[in-house]
Amino acid sequence: MGLKIMELRQLAGLAALGLLLAGCSSGGSGGASIETQAPQGMTASEIRSTLAGKSWRFAGPNNTGTTLYADDGTSLVEVDGKGTTKGKWTTKDGQLCESFDPAPWLPGGVPMSCYGFARGTSPGSFQAGKAVFTQAS
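Now for a quick tour of the structure. This structure is a prediction, so every number in the text was calculated from the model and none was measured. Going along each chain's sequence as written, the residues are numbered from 1 onward. Since the coordinates come from a predicted model, pLDDT governs what is reported: local features require at least 70, and pairs of side-chain atoms require 80 or more to be given and counted, while whole-chain, interface and lining totals use all residues. Hydrogens are left out, water is left out, and the side-chain values use all remaining heavy atoms of the structure.

**Considerations on the packing of aromatic side chains**
Between rings of Phe, Tyr and Trp, where Trp is taken as its six-membered ring, a pair exists when centres lie within 6.5 Å; planes separated by under 30 degrees are stacked, by over 60 edge-to-face, and by other angles tilted. Applying the stated criterion to the full structure yields five aromatic pairs. Taking 6.4 Å as the distance between ring centres and 45° as the angle between the ring planes, the aromatic pair formed by Y69 and F133 counts as tilted. Highlighted residues: Y69 in strand β2 (residues 64-69) and F133 in strand β8 (residues 131-135), separated in sequence by 64 residues. Any residue under 20% of the maximum accessible area for its type is buried, any over 50% is exposed, and the rest in between are partly exposed; the area is computed with a 1.4 Å probe on protein chains only. Residue F133 is classed as buried on the basis of its relative accessible area, which comes to 0%. Ring centres of F117 and F133 lie 6.3 Å apart, and the angle between their planes is 55°; this geometry places the pair in the tilted category. Here F117 is found in strand β6 (residues 110-119), whereas its partner F133 is found in strand β8, with 16 residues between them in sequence. Here the aromatic cluster, defined as three or more aromatic residues joined through ring pairs, consists of W56, Y69, W89, F117, F126 and F133. Distance and angle both matter: a charge sits over a ring if NZ of Lys or CZ of Arg is within 6 Å of the ring centre and within 35 degrees of the ring normal. Positioned over the ring face of W89 is R48, at 4.8 Å from the centre of the ring. Elements are defined by DSSP. Helices are runs of H or I of four residues or more, strands are runs of E of two residues or more, and each kind is numbered from the N terminus.

Set out below in structure tokens:
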């Protein structure tokens, strides 16, 4: 049972990834307002063209790092201080969907999960769940 709780905590930490796993995060403030945030009219195609072929810095409540969203729907994620893992991604209207392979710091991986994706409050930023994305330089 302790292993499952540890995996859930690791999933919550992955919320900063693009994921995103805001629904699994147990942050005490503002969770509902993020989950109900309108996607600001971004279509699946707009989200895909925003992310595809680029590296993005992410910052969430528990982790920071960089994700490369490849054109073929695969991703490479580096979580600061933890390491890297691979994943898959796709889009739906108003949503970014991602899964992550197991890694030493993420033993169970993360199944495909979708989260609202919207333009952020500062220029060039975007938000997926509780994570804020800015293009890596």
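**Notes on the environment of T67**
Of note, T67 is situated in strand β2. Owing to a relative accessible area of 0%, T67 belongs among the buried residues under this scheme. Between the C-alpha atom of T67 and that of K54, which follows or precedes it by 13 residues, the distance is 8.3 Å. Throughout, a residue-residue contact means that at least one pair of heavy atoms, one from each residue, lies within 4.5 Å. Non-local contacts of T67, meaning those with residues more than four positions away in its chain, are made with K54, S55, W56, F58, S75, L76, V77 and E98.

**Examining the state of the cysteines**
Covalent bonding between the sulfur atoms of two cysteines is what defines a disulfide. The disulfide criterion used throughout: a pair of cysteine sulfur atoms within 2.5 Å. In the structure shown here, the tally under the stated rule is one disulfide. Here C97 connects covalently by a disulfide to C114, the sulfurs 2.0 Å from one another. Around the S-S axis, the bridge from C97 to C114 shows a dihedral of about 110° and counts as right-handed. Of this pair, C97 sits in strand β5 (residues 95-100) while C114 sits in strand β6, and the two are 17 residues apart along the sequence. Residue C114 is classed as partly exposed on the basis of its relative accessible area of 29%.

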